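# Overview (structure and organization)
Chain by chain, the residues run as shown.
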Amino acid sequence: MDIFSFGVHFTDEQSCRLHYKAQRDKEGVICNRCGGTDHYWLQNKWSYQCKSCNSRTSLRSGTIMESSKLSFMTWYKTIFLMSTTKKGFSSKEIQRQLGLKRYEPVWAMVHKLRKAMGERDDRYTLEGMIEMDEGYFTIEASEQEHNTQKKGRGSKTKSNVMIMAESTVLENIETGETERQCRYFKAKVLEDHKAEGMDEVFEKAIDDEQTIVFTDKSTSYVNIADYVEIHMSEKSSKTTTKETLKWVHIAISNAKRNFVGTYHKIKKKYLQLYLNEFVYKLNRRYFGEKIFDRLVIASITANGH
């Protein structure tokens with residue numbers, strides 16, 4: 001959706017509310033009191049009323065907009081800004097684009113949307129052939145690191161991130177040449193380099209045991225073979241980076257470039273949220289205008305708390 005289409009479809013608060021209600025109706029509403037799924041719509045209250053127990057659910061209730069005092073139009077403009085570009089916007093830039101005085105509500109709104117993106121992608125698993133490696137992302141050093149390492153104010157450190165890419169092999173029938181193409185990605189922040197943490201993240205990410213995984217020979221991957229059909233590992237080299245783990249390293253490189261060009265600094269506790277946004281848009285790189293509605297749906301179905 002380009003800016004002109006957005007301006008035509010969403011002219012005021014009412015048009016945004018009606019669109020949000022239409023999307024929420026498709027997803028269905030569940031009563032918090034009795035779990036009922038059949039509701040009346042109370043137009044004058046902008047709420048759903050359960051047919052079983054008469055409990056009411058507001059249009060925002062149970063979504064990431066719950067408790068937010070920002071208008072639907074503000075949320076929709078932000079969803080548009082976050083879904084329309086590959087690189088994304090910092091919260092400060094979104095505040096400037098929206099013309100809002102207070103930064104804190106914008107920061108909270110943007111992070112809630114990033115959380116919703118992550119929850120949406122967590123619903124899906126990888127299958128077939130998977131590339132896996134770790135990337136080290138520059139983040140702001142914690143207060144403890146400042147003290148123990150005697151670093152100056154604004155100093156940096158590194159955070160370890162597992163990157164996975166679902167790749168497939170395409171063969172040219174005439175020439176016999178093969179080329180690996182990539183479908184979906186996952187990125188998860190790791191607390192350390194221990195195999196146990198790797199195993200937990202990996203097990204949640206794959207579809208089933210009928211999987212072939214490519215990695216380097218890191219000792220962190222010693223247990224991966226227990227979860228898949230085949231685990232193939234190669235010693236780290238330029239060839240491994242450019243061929244065997246091609247798509248993983250492209251994703252790592254693009255993410256780092258994206259973050260450096262967009263955000264002033266990133267704290268470790270928020271790094272996963274930034275990765276959520278990057279991977280969400282990367283996995284939907286061919287969606288075109290549909291990504292706007294998909295993000296609206298993600299805002300409805302994500303945990304609002």
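Above this text sits the structure in question.
In this text the structure is predicted, and so the values were computed from the model without any measurement. (Residues numbered from 1 in each chain as written. Predicted model: local features only at pLDDT ≥ 70, side-chain atom pairs only at ≥ 80, totals over all residues. Heavy atoms only, no water.)

This next bit is on the nonpolar core. Tyr20, Tyr76, Ile94 and Phe292 are the most contacted members of the largest nonpolar core, which has 37 residues in total. In terms of residue count, helix H3 (residues 72-84) provides more of this core than any other element does, eight residues in total. Those residues in contact with Tyr20 that sit more than four places away from it in its chain are Leu59, Thr63, Met65, Phe72, Tyr76, Val296, Ser299 and Ile300. Grouped together as the second largest cluster of nonpolar side chains are 23 residues, Cys182, Ala251, Ile252 and Phe259 included. (Core = buried A, V, L, I, M, F, W, Y, C linked by side-chain atoms within 4.5 Å. Buried < 20%, exposed > 50% of the residue type's maximum accessible area, 1.4 Å probe, protein only. Helix = DSSP H or I, 4+ residues; strand = E, 2+ residues; numbered from the N terminus. Contact = heavy atoms within 4.5 Å.)

Let us now look at the sheet that holds strand E1 (residues 39-42). Strand order across the open sheet formed by three strands is E1-E2-E3, with antiparallel pairing between neighbours. In this open sheet, the two edge strands, each paired with only one partner strand, are E1 and strand E3 (56-58). Adjacent strand axes in the sheet meet at a mean angle of 30° when their direction is disregarded. When strand E2 (residues 47-50) meets E3, the two strands line up antiparallel, connected through three bridges. Paired with Ser47 across the two strands is Ser58, which belongs to E3. Across the sheet, helix H2 (residues 13-27) lies against E1, E2 and E3, angled at about 30° from E2, the strand it touches most. (Pairing = 2+ DSSP bridges. Axes fitted to C-alpha atoms, helices over the stretch in contact; angles between N-to-C directions.)

A few words on H3. For H3, with 13 residues, the first-to-last C-alpha span of 18 Å sits near the 18 Å given by 1.5 Å per residue. In terms of burial, H3 is largely enclosed, as 11 of its 13 residues are buried. By the burial criterion, the buried members of H3 are Phe72, Met73, Thr74, Trp75, Tyr76, Thr78, Ile79, Phe80, Leu81, Met82 and Ser83. Where H3 is buried, its residues contact helix H1 (3-9), H2, helix H4 (91-98), helix H5 (104-122), helix H10 (268-283) and helix H11 (290-301). (Expected span 1.5 Å × (residues − 1).)

Our next topic: the pattern of salt bridges. The full count for this structure, using the stated rule, is 12 salt bridges. Among the ionic pairs, Arg96 bridges to Glu93, the shortest N-O distance being 2.8 Å. With Arg96 and Glu93 both in helix H4, this residue pair falls three residues apart, about one helical turn. Under the relative-accessibility criterion, Arg96 is labelled exposed at 58%. Taking relative accessible area as the criterion, Glu93 reaches 23% and is therefore assigned partly exposed. A salt bridge links Asp121 to Arg284, with the shortest nitrogen-to-oxygen separation between them at 2.9 Å. Remark: Arg284 occurs in the loop between H10 and H11 and Asp121 occurs in helix H5; sequence separation between them is 163 residues. Both residues of the pair, Asp121 and Arg284, belong to the buried class. Via salt bridges that share partners, Arg114, Glu277 and Lys281 belong to a single interconnected network. (Salt bridge = Lys/Arg side-chain N within 4 Å of Asp/Glu carboxyl O.)

Before going further, it helps to examine the packing of aromatic side chains. Considering all chains together, one arrives at 15 aromatic pairs under this definition. A ring pair is formed by Phe137 and Phe259, whose centres lie 5.9 Å apart and whose planes are at 50°; its orientation type is tilted. Here the residue Phe137 occupies a position in strand E4 (residues 126-140), and Phe259 occupies one in helix H9 (residues 246-262), the gap between them amounting to 122 residues. Exposure remark for Phe137: the relative accessible area of 2% places this residue in the buried category. Among the aromatic residues, ring-to-ring pairing joins Phe6, Phe10, Tyr20, Phe72, Tyr76, Phe80 and Phe292 into one connected group. The positively charged end of Arg60 is found above the aromatic ring belonging to Phe72, 4.4 Å away from the centroid. Over the ring of Tyr280 we find Arg284; its NZ or CZ atom is 3.7 Å from the centre of that ring. (Phe/Tyr/Trp six-rings, centres within 6.5 Å; stacked < 30°, edge-to-face > 60°. Lys NZ or Arg CZ within 6 Å of the ring centre and 35° of its normal.)

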